[in-house]
Each structure stands twice: as C-alpha cells, then as structure tokens.
Amino acid sequence: MSKNQHDRAHHAKKASGVGDPQCFRGEAGQAKFKNGDMVRIRDLPDIFYTRCQVYTRGAVGRITKVVYESPAAEDEAWDNTDHPEWFYSVVFRQHELWPDYPASYKNDTLETEFSERWLEQA
Amino acid sequence: MSDTHKAAPMVDEVSDFEILEMAVRELAIEKGLFSAEDHRRWIEYVHTLGPLPAARLAAKAWLDPDFKKLAVADGVKASLAVGIDWINGPPTKFGTPSDYCSFRVLEDTPKVKHVVVCTLCSCYPRTILGQSPEWYRTPNYRRRLVRWPRQVLAEFGLQLAADVEIRVVDSNQKTRYMVLPLRPIGTEGWSEQQLTEIVTRDCLIGVAMPQPGVTSNAKRPVHPAVHPIHTGH
Amino acid sequence: MPSPSRSALMRHFDLVGQLQPAYHQPQHAPYPDAIDHAKYRALLRSSHDVGGEPDVPIEWEEKEEEQWEANTFATCECLAWRGVWSAEERRRRQNVDVGETQYLALPYYGRWLLSAARIIVDKQYVTLTELVNKIDEVKGRYEQKSAR
C-alpha cells in the first residue's frame, strides 16, 4: 500500500492573517436559520465522534446569534474541510433540558453552539 | 483528591510521561514536523498569557459604555484595545490552533449571571485569559455545572437570588468566552487600574463576582508538581 | 487503642467510596442479540460527552504545572501550527478515540501526550518501530544517570 501525502501547508496558507473560523467566510452558502428562530436539536446517529452534546438532543431552544461558518467538528476531526456549515448559538431553558431542574429557579438558561446539521425547525 | 501524604520521589526519578514526552518531541524535530525553535517560541508565547488583559477589558467596559457595546458585539475587535490580537498575536498568525478567533464577551446584568464551562473537553480563551485552572478541566466540573449550576456555584461561594437568570455557557465549538461581571458598588470614582485589580480569573470564568479589596482568586489547595516548570527562560 | 487521627479518617472515607459492587457481564464479546438499542448507544458513546452525568461535590483544587505538561502543550500546538493535525483532530483522538477506560483513568495531559505520539505514527511520519526505539533510548539515558 502507498503512503498518503499530507499537505501540511494548506491551513496556514488559507488562514494566515485572516484567522479561523474567519478563513471559511462565504463557503457555507445561505444560512438556513436566523436569530430568534425556535429550533429542535436532532438526534443524529452518534458514531465515532460528535460535539453535539447528548444532553441537548430533542430539546427545543431559541437561536440567539448566528456566529460563523466552519466545517462541522464531526468533519474537521478527520480533516474534511470542503463543506463548511453555518454555526448558531442556541439558548435553552434549564427546565426544558432537565426534568428535575428546581422549579423555583424558573429563569435559568443554558447556551451552546450547534452546526446547522444538528438543527431543525421547532 | 490530592494525595499529599505520599513520600516525595527522588529528584532523579523520571516518569513514563516525561520519557514519552521527550521521545515524541525529539522525533517530531528529527522528522522536520516542527523545529526546536518553534517549540521554544510556543513555550515563550504561553508564558506571556494570563488573565490581566481580560481583566482590563472588563474595567474598560465598566468605564466606557461605548466600549462595552463593542465588547459585546465584537470581542475580537475589543481585545485589540487591551493589546490582544487573536489572529496575529500568536506565532501562527492565524490564531492559536486550539483557541481560534471567535471570542465573545458575556455581559452580566442584575438579572443575568453567566458562567462558562466546556463539557466536552476544557476549551478556554487562553489568548486573553492564560491557561485554564485544573478544576475547570475536571470531568466533575464539566458533568455538574450544566445541570446543577446553583449547587456548583454555591461550592465556589456564590449564591444568587432565585429569580436571577443563571446562564451556563457551554463552549463546545470554536467560540471562546469571558464573563463581563457586574461592577460592584463601592467602586465609584475608581481608576481603570483599580478596577482591573478586582477582576480575577475566577470572575472572568463566572464562578466569582468582583468585590472591592479582593484582588486574587479564592484560596484552594494546590497540588504540587513533581518537576515544575523552569522559570529561567 | 489510640483514636484515629482526623486525616486518617478522611482517607478512610475516600477508600470506602472506592468500594463499589461490580456486576460483570459473564460473557466477553457477547452475541449480537444481547445488545439492545440502549446498550448499543451506551457502548458507542463519545467518552468526552459528560455534561449532565451525576457526580459528587469535591474540593476544587489548583495544580502546579509539570515541565513535561507545558512541553506537551507546546508540542501539540506546534504539530497543529505546522499542519500535522488540527486541534479538532487532536480532540477527537485525545478525548474520544482513547476509549472510556483511558479517558477516565489517565491524567489530562497524559492523553494529550499519547495522542501526539499516536498522530505521528498514524500519519506515517514515524514508524512504530522508530517510536519504540526512541522511547527505549530515552529511558536508557535516565537509567544510565541513576546507575552512577
């Protein structure tokens, strides 16, 4: 079997002076969602690697910020950077996430980021 | 749980980790993956990092409402005002590989208190805050803060009214966060320097709130290193 | 009989906390029909995804950094700087590929270091033979020193 050739200069060339994730600007096309949208977190198959926390799956939250374009972590983790996605910051009510969250702390929230593949309209 | 009653090892004893570390670094340099100079430069770069710039950013935001607006809207741009260039500051000139260039300042209000965790690993805004504390990296903190934030904050000495919104921010992707805490009463007329001094690393993570006269993190046990860092660079 | 010191008592509490009943599976490599959806999900889980799992209150501690830990951090960042891997590849390897047992039982920077060793072998910059020989050689330097 032959040896793989790795292009070690690729990311530095792309991102030098520009930054990461700035270097992926314009590559994700049209954002599917916008600020204020209510979204549900999809429970995609969880095999080998994910950065979409299991504790968020199936929960409904509100998009609070459209943050940047980048390859999804699940792809970037294997250096597959050809298809960046839009990333969103989503806020959940804690009592939506945890059935045993104390009712007296009714305003508590949690915020975390998702790449677009993990979201569907709620 | 730190094991402080173990006998101190002999000075010459070298651990398996130390042996492997040398082996990997030497091989990487021999194979041209990075240079010895690269490695030295990175060590020196890390030595320049610490919580002071983030503390100054907080103080500036307290003193200037327009700067506060900028800090909340564009953390990377606001960082330039405290001498931190997320993109060109690190030796890479594209941000640090692990901390990226997406920085958000989370503004506390009387109604909203932020606290930061990375449940998946220990992502932390090193570029403006320095290295993360040990407790922040523990599976324990990462398991519990997202689900029992009030209990965990109480262990750090913080208790907030039931109707305050505690917002746990889980930095699971490329964005890195600092908390812009509430400016405490009793600091009227203070200079930027005086205000900077009371914004500790723990305040910037969100597990403490700034107080006049408190200029360091709460005292905790410190697990000693067997072979600590040489400071004579 | 002298009364136990308070610190000996605290060590006792730590030790009894480590005694746990263990219901082992009688068969390693079970038949497929023994694995339902819940077990499958649990077995394939990403070990780093710990948010929301129960745990007990502990005393929060700081830690003095070891020189080898600082060196490891710089090695990992330099490998990414010079394009051997990205930080995200590192995290996948270091926080998930290591598997559940190493994830929980190795020191934090131990996983960083093992992952750096693994990447240079996986991407064929170094053969495992070369790595093994280098480790052996480095060990030999320290054995020589302490044999003085």
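For the structure itself, consult the block above.
Residues numbered from 1 in each chain as written. Chains lettered and ligands numbered in written order. Predicted model: local features only at pLDDT ≥ 70, side-chain atom pairs only at ≥ 80, totals over all residues.

1. With respect to the overall build of chain A
Along chain A, the regular secondary structure elements total three helices and five strands. Buried residues in chain A amount to 39% of all 122 residues. Across chain A, every contact between residues at least 6 apart in sequence was considered, and the portion connecting residues at least 24 apart equals 64%. (Helix = DSSP H or I, 4+ residues; strand = E, 2+ residues; numbered from the N terminus. Buried ≥ 20, exposed ≤ 12 C-beta atoms within 10 Å, placed from the backbone. Contact = placed C-beta atoms within 7 Å.)

2. Quick word on the overall build of chain C
Scanning chain C for helices and strands turns up seven helices and one strand. Along its sequence from the N terminus, chain C presents helices and strands in the succession α-α-β-α-α-α-α-α. At 21 Å, chain C has a C-alpha radius of gyration far larger than the 15 Å of a compact globule built from 148 residues. With the C-alpha coordinates aligned to their principal axes, the bounding extent of chain C is approximately 55 × 55 × 30 Å. Considering chain C as a whole, with its 148 residues, one finds that 34% of them fall into the buried category. In chain C, once contacts between residues fewer than 6 apart in sequence are set aside, the share between residues at least 24 apart is 61%. (Rg over C-alpha atoms; globule rule 2.2 N^0.38 Å.)

3. Here's the deal with the interface of chain A and chain B
Across the contact, 27 residues belong to chain A and 28 residues belong to chain B. When residues of the side of chain A that touches chain B are traced back to their parent elements, those giving at least two are α1 (10–15), β2 (60–70) and β4 (109–115) of chain A. With five residues, the top contributor of residues to the side of chain A that touches chain B is β4 of chain A. Looking at the side of chain A that touches chain B residue by residue, the class counts come to twelve nonpolar, ten polar and five charged. Sheet analysis places β4 of chain A next to strand β3 (residues 165–170) of chain B, joined by four bridges and oriented parallel. What sits directly across from Leu110 of chain A, in β3 of chain B, is Val168 of chain B. (Nonpolar A, V, L, I, M, F, W, Y, C, P; charged D, E, K, R; others polar. Pairing = 2+ DSSP bridges.)

4. So, the interface of chain B and chain C
With 57 residues of chain B at the interface, the matching set in chain C holds 54 residues. Counting residues per element, the ones that place at least two in the side of chain B that touches chain C are α1 (16–30), α2 (36–47), α7 (134–137), α8 (139–144) and β5 (222–223) of chain B. With twelve residues, α1 of chain B is the largest single contributor of residues to the side of chain B that touches chain C. Residues that form the side of chain B that touches chain C fall into these classes: 31 nonpolar, ten polar and 16 charged.

5. What to know about unusual backbone geometry
The linkage connecting Asp20 of chain A with the following residue, Pro21 of chain A, adopts the cis geometry, with an omega of 20 degrees. Residue position: Pro21 of chain A is located in the loop between α1 and β1 (38–41). Look at Lys93 of chain B: it is not a glycine, yet its phi comes out positive at around 65 degrees. Relative to the assigned elements, Lys93 of chain B resides in the loop between α5 (75–80) and β1 (102–107).

6. Side note on the nonpolar core
Residues and elements named next belong to chain B. In this structure, Ala58 and Leu204 are the most contacted members of the largest nonpolar core, which totals 73 residues. No other element matches helix α3 (residues 52–63), which puts seven residues into this core. With sequence-adjacent residues up to four places away left out, Leu204 is seen in contact with Pro51, Ala54, Ala55, Leu129, Met178, Val179 and Val199. (Core = buried A, V, L, I, M, F, W, Y, C linked by C-beta atoms within 7 Å.)

7. A word on α3 of chain B
Residue and element names in this part refer to chain B. End to end, α3 covers 17 Å across twelve residues, agreeing with the expected 16 Å (1.5 Å per residue, within 8%). Most of α3 is tucked away, with nine of its twelve residues classed as buried. For α3, the set of buried residues is Pro53, Ala54, Ala55, Arg56, Leu57, Ala58, Ala59, Ala61 and Trp62. Elements in contact with the buried residues of α3: α4 (65–73), α5, α6 (126–129), β4 (175–180), α10 (192–197) and α11 (201–205). (Expected span 1.5 Å × (residues − 1).)

8. Details of the environment of Asp46 of chain A
Along the polypeptide, Asp46 of chain A turns up in the loop between β1 and β2. With twelve residues separating them along the chain, Asp46 of chain A and Lys34 of chain A place their C-alpha atoms 26 Å apart. Discounting chain neighbours no more than four positions away, the residues touching Asp46 of chain A are Arg41, Leu44, Arg45 and Ser46 of chain C.

9. Describing helix α3 (residues 67–81) of chain C
Residues and elements named next belong to chain C. With 15 residues, α3 should reach 21 Å at 1.5 Å per residue; the first-to-last C-alpha distance of 21 Å fits that figure. The buried fraction of α3 amounts to 14 of the 15 residues, a majority that puts the element mostly inside the structure. Count one or two residues on from α3 and you reach Gly83, which has phi positive near 85 degrees.

10. Quick word on the packing of α1 of chain B against α3 of chain C
Between α1 of chain B and α3 of chain C, the least distance of the axes is 10 Å, while the angle of their chain directions is 30 degrees. With respect to α3 of chain C, the axis of α1 of chain B lies roughly parallel. Between α1 of chain B and α3 of chain C lies a crossing whose hand is left-handed. Within the contact between the two elements, α1 of chain B uses Phe17, Glu18, Glu21, Val24, Arg25 and Ala28 of chain B and α3 of chain C uses Trp68, Asn71, Thr72, Thr75 and Leu79 of chain C. Within the contact of α1 of chain B with α3 of chain C, the residues separate by chemical class into five nonpolar, three polar and three charged. (Axes fitted to C-alpha atoms, helices over the stretch in contact; angles between N-to-C directions. Parallel < 35°, antiparallel > 145°, perpendicular 65-115°, else oblique. Left-handed = near helix turned anticlockwise from the far one by under 90°.)

11. Some points on the pairing of β2 of chain A
All names here are of chain A. Strand direction decides the pairing type here: β1 and β2, joined by three bridges, are antiparallel. Following the sheet pairing, Arg40 is matched in β2 by Val60. Sheet topology note: the β2/strand β3 (residues 85–93) ladder contains seven bridges and is antiparallel. Across the sheet, Lys65 pairs through a bridge with Ser89, a residue of β3.

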